[in-house]
Structures are given as structure tokens and as C-alpha cells.
Amino acid sequence: MSMQFNTFNAFDDDTGDKAGNQSDKVHVRVQQRNGRKCITTVAGLADDLDVKRICKAFKKNFSCNGALQADEEVGDVIQLSGDQRTNVMGFLVDQEICHKEDVVLHGF
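Bear in mind the structure is a predicted one, so any value in this text is a computation, not a measurement.

In this section: the side chain of histidine 27. Mapped onto the secondary structure, histidine 27 falls in strand 1 (residues 26-32). Engagement of the side chain of histidine 27 in a polar contact is seen with the side chain of histidine 106, the distance being 2.9 Å.

In this section: the pattern of salt bridges. All chains considered together, the criterion is met by one salt bridge. For aspartate 83, the salt bridge identified is with arginine 85, shortest N-O distance 2.9 Å.

Judged by pairing direction, the sheet is mixed, and its five strands sit side by side in the order 3-4-2-1-5 without closing on themselves. A strand with exactly one partner marks an edge of an open sheet, and here the two such strands are strand 3 (66-71) and strand 5 (103-105). Between one strand axis and the next, the sheet turns through 25° on average, direction left out of account. Summarising the sheet, strand 3 and strand 4 (residues 75-81) pair through six bridges and their orientation is antiparallel. Bridge pairing links leucine 68 to isoleucine 78 in strand 4. Along the sheet, helix 2 (residues 51-62) contacts strand 2 (38-43), strand 3 and strand 4; its crossing angle with strand 4, the most-contacted strand, is approximately 10°.

Reading the values: rules and limits
Along each chain, residues carry numbers from 1 onward, in the same order as the chain's sequence is written. In view of the model being predicted, local features appear only for residues whose pLDDT reaches at least 70, and side-chain atom pairs are presented and counted only at 80 or more, with totals across whole chains, interfaces and linings using the full set of residues. As a rule here, side-chain values cover all heavy atoms of the structure and leave hydrogens and water aside. In this text, helices come from DSSP runs of H or I with a minimum length of four residues, and strands from runs of E with a minimum of two, each type numbered from the N-terminal end. In the analysis that follows, any N or O atom pair within 3.5 Å is treated as a polar contact, provided that within protein one partner can donate a hydrogen and the other can accept it, and provided that, for residues neighboring in sequence, both atoms belong to side chains. The term salt bridge refers to a pairing of a side-chain nitrogen on Lys or Arg with a carboxyl oxygen on Asp or Glu at a separation within 4 Å. In short, DSSP must find at least two bridges between two strands for them to pair. For helices, the fitted line uses only the C-alpha atoms of the stretch in contact; every axis is such a line through C-alpha atoms, and the angle between N-to-C directions lies from 0 to 180 degrees. The contact rule is simple, with two residues in contact once any of their heavy atoms fall within 4.5 Å.

This is how it looks when you write it as C-alpha cells:
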């Protein structure tokens, strides 16, 4: 008696890129705080960009609070109050800071 199961490979969407190519992507994540409160983090922006100015533009355009955090692994990380993932992606693409395929939205 042979049984046929549908096999699912979780790594099918892997394009074969190594970690060196993964480092130049911008990661936009949302982190749950307490209750309904959450923060959005933007990590992986290029080193030659003025991250402080980008954070200021995020705060002004999205009407939210924001802060810069220094991280040893990924460099400067922008923290924004609320779920601003789609707003951040739209802003980065519209202002031509990075390409749409270079932005990775986590949590959808």
C-alpha cells in the first residue's frame, strides 16, 4: 500500500542568493508592544543615506513619532509608532530611495 502525499518545500521561493545579496535589502517590520500598540522598524538602509533626515520626513508625512536606534549588526534602525509598513514602502519607492524589489515587508 503506497500513499502519495503532497510535498511542500518551504525553500521553493529561494532564488539562490547568498547572504551578501540579502544585506542590501531594506527590511520593514512591525513589532507588537502591549495591547493594540505596535512599532514599525526600518532596517538595512544604505550607509550613505542621511537616515536622520529620512526619519524626520517619515514623522512629518505619516503624522507619527519616530526615533533612531543604533544597532551593531544592521546599523541605524528607524522606529516609528504605529503600523506604517505600507506607508514606508510607498515613501521609499516614491522618493527613489530604493527600488520596490529591494524592500521586504515582514508580517503580511
